[in-house]
Amino acid sequence: MADDPLFYVVAAACLAVVVILVLGISNFGKGTMEAAKQSNKMMKLRIVAQFVAVVLILLFVWLRGGGN
């Protein structure tokens, strides 16, 4: 599995979701209105990145015959 390039793409997508989540949560603690707006944008970006990650995971499982 680790020799498959799609595995690394899926792992990178999942890591991107985690990074975006941490950055968004870290902005919540700042307490300013600008930080709140930035945090809201980060959470919207996280939802998009999470959708992409889930689609890639499903594609990986389907292509590797895990659905049989």
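Residues numbered from 1 in each chain as written. Predicted model: local features only at pLDDT ≥ 70, side-chain atom pairs only at ≥ 80, totals over all residues. Heavy atoms only, no water.

**What about the environment of leucine 45?**
Tracing the sequence through the fold places leucine 45 in helix H2 (residues 33–63). Classification of leucine 45 as partly exposed rests on a relative accessible area of 42%. When the C-alpha positions of leucine 45 and leucine 58 are compared, they lie 20 Å apart, and in sequence the two are 13 residues distant. (Helix = DSSP H or I, 4+ residues; strand = E, 2+ residues; numbered from the N terminus. Buried < 20%, exposed > 50% of the residue type's maximum accessible area, 1.4 Å probe, protein only.)

**Here's the deal with the packing of aromatic side chains**
By the definition in use, this model includes two aromatic pairs. Taking the centre distance of 6.3 Å and the plane angle of 55° together, the rings of phenylalanine 7 and phenylalanine 60 count as tilted. One end of the pair, phenylalanine 7, is in helix H1 (residues 5–28); the other, phenylalanine 60, is in helix H2, with 53 residues separating them in the sequence. In this structure phenylalanine 7 comes out as partly exposed when scored by relative accessible area, which is 29%. (Phe/Tyr/Trp six-rings, centres within 6.5 Å; stacked < 30°, edge-to-face > 60°.)

**Observations regarding the environment of valine 61**
The residue valine 61 is located in helix H2 in this model. By relative accessible area, which is 38% here, valine 61 ends up partly exposed. When the C-alpha atoms of valine 61 and phenylalanine 7 are compared, they prove to be 9.9 Å apart, with 54 residues separating the residues in sequence.

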